[in-house]
Amino acid sequence: MGYFASTSIDDWFGVNIPAYVYMFVALALMTGFAWFHIELTARILGVALIAEVLALLVMCIGIIAHGGGPDGFSAAPLNPANIFDNDAAVKVFGAGAAGVALFGAFWSWVGFEMAPNYAEESRDPHKIAKTATYGSVIGLGLFYIFVSYMFVTGWGLNGSAAGVKAQFDGKFASAFYPLTDKYVGSGLTTVLQALIITSSFACAMAFYNTGSRYLFSLAREGVLPSALGTTHPKRHGPVIASMVVSVIVGLYMLGFTIMDPSTEAALLKLGTWTPLLGVLGILAVQGPVLDRDHPLLPDRGP
């Protein structure tokens, strides 16, 4: 969020404020929202999500209306085998291109399992938790596929990797912006610049809430100190756990800022290394654990 806020504000108004300023302001806002009921946070997240979904749909419609990109419409981007045999991606990401692709796929799903952790703060825990989980996995899954396909189509089969490289080289802040400029117009690009700030904030706040509720749940189970398992007497949110998350995240961001305070580092270091570590950790936690009586395991005796 800090990266996109800094680059967009600079583009709009010529005001160059370092990304870390926006980062710490965002953390302060998240900390403030933590003192209110989850419904307030849910409304903010919902508005940001729906707005960006609509903007991306407009971009996709524009690409379709133009008959696709340089290579038209091709089924090649939907072929899983191309993950491991993509010369254009290898030129950008090196020999680890396939690993980057798989990492991005796993990263997209981190957080879907959090619906049950919010159940206690909802009106109908059993119904809402199940609906939210299936809705996020199926609905957003199909949307991810559609937008990703249109992104590749708009750039062209080989051009999409070059577009990402151009973003990394600082030619533009996001590889999506040239597509909205070309297929819809600069007005949508401006809208998308604003929405990527709000949606990035919403994404960060979702992970913030996820972290606090993991601490809350572990404390309720007796794994962590019981103080983390207490809620606000009126608004019933895990306030103490949230404050702990604020401190941890603040120190974590401070370390990255001291190491490299540049705006680019907010995306290419803090915004890249952190998800990599997080995804590896969550995959280890969520990986299949076979119990001792599982039929795939040999009989180990009593």
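These numbers come from a predicted model, not from an experiment. (Residues numbered from 1 in each chain as written. Predicted model: local features only at pLDDT ≥ 70, side-chain atom pairs only at ≥ 80, totals over all residues. Heavy atoms only, no water.)

A. Structural view of the overall build of the chain. Each helix and strand counted, the chain has 12 helices and 0 strands in total. Ordered by position from N to C terminus, the α and β elements of the chain give α-α-α-α-α-α-α-α-α-α-α-α. Here the analysis covers contacts within the chain between residues at least 6 apart in sequence; of these, 68% occur between residues at least 24 apart. For the chain, the accessible area works out to roughly 17,000 Å², and carbon and sulfur atoms hold 69% of it. (Helix = DSSP H or I, 4+ residues; strand = E, 2+ residues; numbered from the N terminus. Contact = heavy atoms within 4.5 Å. Areas by Shrake-Rupley, 256 points an atom, 1.4 Å probe, with all protein chains shown as cover.)

B. Expanded view of the packing of aromatic side chains. Overall, the coordinates contain 9 aromatic pairs when judged by the stated rule. Ring centres of Phe151 and Phe176 lie 4.8 Å apart, and the angle between their planes is 45°; this geometry places the pair in the tilted category. Of the two residues, Phe151 sits in helix 7 (residues 125–155) while Phe176 sits in the loop between helix 8 (159–168) and helix 9 (177–183), which places them 25 residues apart along the sequence. Both rings, one in Tyr252 and one in Phe256, keep their centres 5.2 Å apart while their planes meet at 50°; by these two values the pair is tilted. A residue pair is termed a helical-turn pair when its members lie 3 or 4 positions apart in one helix, as Tyr252 and Phe256 do in helix 11 (residues 239–259) at 4 residues. Tyr252 gets classed as partly exposed once you look at its relative accessible area, which sits at 34%. Members of the aromatic cluster, joined through ring pairs, are Tyr252, Phe256 and Trp273. (Phe/Tyr/Trp six-rings, centres within 6.5 Å; stacked < 30°, edge-to-face > 60°. Buried < 20%, exposed > 50% of the residue type's maximum accessible area, 1.4 Å probe, protein only.)

C. Structural view of the nonpolar core. In this structure, Met59 and Phe151 are the most contacted members of the largest nonpolar core, which totals 48 residues. Residue assignment for this core shows that the elements contributing at least two residues are helix 1 (2–13), helix 2 (19–33), helix 3 (38–65), helix 7, helix 9, helix 10 (186–220), helix 11 and helix 12 (263–286). The element that contributes the greatest number of residues to this core is helix 10, accounting for 11 residues. Here Phe151 is in contact with Ser160, Val164, Ala175, Phe176 and Leu179, once residues within four sequence places are set aside. (Core = buried A, V, L, I, M, F, W, Y, C linked by side-chain atoms within 4.5 Å.)

D. Structural view of a nonpolar patch on the surface. On the surface, Leu78, Trp109, Tyr134, Val137, Ile138, Leu142, Tyr144 and Ile145 cluster together into a nonpolar patch covering about 800 Å² of accessible area. Tallying contributions element by element places helix 7 first for the nonpolar patch, with 6 residues. Tracing the sequence through the fold places Ile138 in helix 7. (Patch = residues over 30% accessible without salt bridge, like charges linked within 9 Å, V, L, I, M, F, W, Y side chains within 5 Å. Salt bridge = Lys/Arg side-chain N within 4 Å of Asp/Glu carboxyl O.)

E. Examining the environment of Ala51 more closely. Inspection of the secondary structure assignment puts Ala51 in helix 3. Sequence separation of Ala51 and Ile196 is 145 residues, and the distance between their C-alpha atoms is 9.8 Å.

F. Local environment of the packing of helix 10 against helix 11. At a minimum axis separation of 8 Å, helix 10 and helix 11 run at an interaxial angle of 125°. In this view, helix 10 runs oblique relative to helix 11, as classed from their interaxial angle. In this structure, helix 10 crosses over helix 11, and the sense of that crossing is right-handed. Contacts between helix 10 and helix 11 involve Tyr208, Gly211, Ser212, Leu215 and Phe216 from the first element and Ala241, Ser242, Met243, Val244, Val245 and Ser246 from the second. In terms of residue class, the contact of helix 10 with helix 11 is built from 7 nonpolar, 4 polar and no charged. (Axes fitted to C-alpha atoms, helices over the stretch in contact; angles between N-to-C directions. Parallel < 35°, antiparallel > 145°, perpendicular 65-115°, else oblique. Left-handed = near helix turned anticlockwise from the far one by under 90°. Nonpolar A, V, L, I, M, F, W, Y, C, P; charged D, E, K, R; others polar.)

G. Region of interest: the pattern of salt bridges. Across all of its chains, the model carries 2 salt bridges by this definition. For Asp169, the salt bridge is made with Lys165, and the minimal N-O distance between the two is 3.0 Å. Residue class for Asp169 comes out partly exposed when judged on its relative accessible area of 47%. Classification of Lys165 by relative accessible area gives partly exposed; the value is 37%.

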